[in-house]
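The primary structure of each chain is shown beneath.
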Amino acid sequence: MKKRTLWLAGLWCGQALAAPPQVVLHAAPSTSDRKLHGRFLHITDIHPDPYYAEGTSQSSQCHRKEPSDNDQRAGYYGTPFGVCDSPWTLTNITFEHLEEHWSSEIDFVIWTGDNARHDEDHEIPRPLDEVFALNRAIAKNMEDVFLKKGIPVVPSLGNNDNTLSPGPNEITDEFASIWDAFIPSGFKTSFRNGAYYALEVIPDALAAISLNTMYFYHNNKAVRGCLVGDASDPGNLQFDWLEEQLEMFRARQMQYYRYAELSLRYQDIILGSLFGVSNVSKYFYFVEAADLDVSPEKDGMVPHSSEGTIFEALMTNFQALAKGSKHLNYDDYAVVTVSPSLVPNPYLPSFRVFSYNISGLGSTTVGVVGEDEYLLMTKKERASRWKHLPYRHGNDGNDDRQCMGAGYRDSWRCKLRPWRSDSHAPSRQNTLWTPLGYAQYYIPQLEEYDEKDGPKFKLEYLTFPISSLHLTEGPVPLRNLPKSLREAGVTESELAPYELRDLTIPSWLDLACELGKPREKKLRKQFRKYMYMGGEDI
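Everything quoted here is computed from the prediction, not taken from an experiment.

Looking only at helices and strands, one finds 13 helices and 12 strands in the protein chain. A buried classification covers 61% of the 538 residues belonging to the protein chain. Considering only residue pairs separated by 6 or more positions, the protein chain has 73% of its internal contacts joining residues 24 or more positions apart.

With mixed pairing, the six strands of this open sheet are ordered in space as β3-β2-β1-β10-β11-β12. Looking at the sheet topology across the chains shown, the edges are occupied by β3 (153-155) and β12 (458-462). Pairwise comparison of adjacent strand axes, ignoring direction, gives a mean angle of 25° for this sheet. Sheet topology note: the strand β10 (residues 350-356)/strand β11 (residues 435-442) ladder contains seven bridges and is antiparallel.

Think of a ball as big as a water molecule: rolled over the atoms, this probe shows where empty space is left. Per the counting criterion, the structure on display carries eight cavities of 30 Å³ or more. In this structure, the largest cavity occupies an estimated 210 Å³ of space. Along its surface, the largest cavity is lined by 18 residues, and L271, G272, S273, V335 and L503 are the ones closest to its centre. Counting residues per element, the lining of the largest cavity draws most heavily on strand β7 (residues 270-275), which supplies five residues. Of the residues assigned to the lining of the largest cavity, the class counts are 11 nonpolar, seven polar and no charged.

Buried residues dominate β7, accounting for six of its six residues. Relative to strand β9 (residues 333-338), β7 runs parallel, the two being bridged by three bridges. Across the sheet, L274 pairs through a bridge with T337, a residue of β9.

Now for the pattern of salt bridges. Applying the stated criterion to the full structure yields 17 salt bridges. Residue E123 pairs with R64 through a salt bridge whose shortest N-O separation is 3.2 Å. Pair noted here: E123 is in the loop between β2 (108-112) and α3 (128-145) and R64 is in the loop between β1 (39-44) and α2 (88-101), with a separation of 59 residues, a long-range link. Given the relative accessible area of 59%, E123 is considered exposed. Looking at R64, the relative accessible area reads 21%, which means it is partly exposed. The salt bridge involving E514 is made with K517; its shortest N-O contact spans 2.7 Å. Classification of E514 by relative accessible area gives partly exposed; the value is 29%. Via salt bridges that share partners, R39, E105 and R479 belong to a single interconnected network.

This structure, assessed with the given rule, holds one disulfide. One disulfide bridge connects C62 with C84, the sulfur atoms lying 2.0 Å from each other. Where C62 bonds to C84 through sulfur, the torsion about that S-S bond is close to 80°, and the disulfide is right-handed. Of this pair, C62 sits in the loop between β1 and α2 while C84 is found in the loop between β1 and α2, placing the two residues 22 residues apart along the sequence. Side by side, C62 and C84 carry an identical accessibility label, which is buried.

This paragraph deals with the confidence of the model for the protein chain. Of the residues in the protein chain, 85% have a pLDDT of 70 or more, and the chain-wide mean is 84. When mean pLDDT is taken per element in the protein chain, α2 scores highest with 98 and helix α1 (residues 6-13) scores lowest with 23. Low confidence marks residues 1-25, where pLDDT is under 50. Its contacts with residues over four positions away, or in another chain, come to 84 contacts.

The rules we used
- Residues numbered from 1 in each chain as written.
- Predicted model: local features only at pLDDT ≥ 70, side-chain atom pairs only at ≥ 80, totals over all residues.
- Heavy atoms only, no water.
- Helix = DSSP H or I, 4+ residues; strand = E, 2+ residues; numbered from the N terminus.
- Buried < 20%, exposed > 50% of the residue type's maximum accessible area, 1.4 Å probe, protein only.
- Contact = heavy atoms within 4.5 Å.
- Pairing = 2+ DSSP bridges.
- Axes fitted to C-alpha atoms, helices over the stretch in contact; angles between N-to-C directions.
- 1 Å grid on protein atoms, 1.4 Å probe; cavity = no way out; pocket = protein on both sides within 12 Å on 5 of 7 lines; lining within 4 Å.
- Points joined across faces, edges and corners; volume = space filled by probe spheres on them.
- Nonpolar A, V, L, I, M, F, W, Y, C, P; charged D, E, K, R; others polar.
- Salt bridge = Lys/Arg side-chain N within 4 Å of Asp/Glu carboxyl O.
- Disulfide = S-S within 2.5 Å.
- pLDDT = per-residue confidence, 0-100.

The following block contains the structure:
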């Protein structure tokens, strides 16, 4: 499902409540002597298909029929650039690879949804029991490869996991059971109510919030669309809960990753918004303060229609940023990243490993990080600075007269509260917990492999400067780099097209502005190549 637009609704659905008492959230189960590496895995859209059969036709979802001359035959490990879901062979070899190469190199796992096959074969309908069984199987893999080693796993549900209706219901109850090992006991109720929860992946330091964005999806008729004053709407209830968590994290000066948008108001503690469940491509875009105007000139979502591709829409948006680059105010932006899917539909199996800043900590032992002297000093400085920051409103164009009009008075855009921004926050400058970059891995030539010759994940590209790869604590373990990047002295590589110093908001905006210059044809060509992996533009 193409869920590019769901994030936008989150901007209007939030209602603030008073901050609750400062209590420690239930942290992830972990071994207290485990060391931090400053990395985490993001994997999404696994889509295992128990009916996938090698040699069958794509027109049958790779379930039956001999393919015609013009139809690609289903491969042993999957069918690249096609319409079929993942065979178990691909799922199994992926977890084998992650266990061997990454389970000892990362601190936590972000696992965004869609762990069941698409329900697109009318001859083999997908019953709810099958959705549960497939999710249970993937959860078992996550437990065996990561959780049993003390590595926290943060799952979230996708549209193919059937989360449209308000909870508590059969689906949220069953997933609460399937994911019992992942969800902290203190959030069992919120999960059963709507499939959302929070998890401290590093106790007293770094947290992840998993949201059910299906409650914000405008085509979801099972909910009511976050209308102003509808206090019982599932989307509003979720954002009431979310703002409680955000206020608590801010009070405790904790940082976190999340999946929806209150990114502008809480820019000081939000490190990033990670999305999956797209399947179509890999890109980034911005949430802008201008999107909060009562009558915005454009929606903040990435426009997409039959008249143009996502790439073309992004270049149009980035070109507008480039023209106004001298007047950009970093307070007015937040970044959303859409990660690649494991299912080779419609591209190639992929995952990302992010790196983040843990420098300055006196100890990287998980059990004592929350009491680290440098961390406590950093929290104190940020809290003190925050008290003296001025308030500003995110939608200066929303004057009182306009909001008095019948068409606007009940709009969330007219209910926004002032907020403050911190230019020294880790989302704005490289400091403790700042995201530094990512390495993206994929399986090229997937169709060439068979039972006797298994595929291997290879580095597709990375965002880091080449000069950073050989530091003492480099962002990517040398053993997980190709030979061409392992040797010191390398200064240029097509595998490092961007050489971003970090993934702060200024760095993302700099990249967008460069891409927005029509003369940067080589950079645009590289960006397009990595968006679509050589497949067709969408």
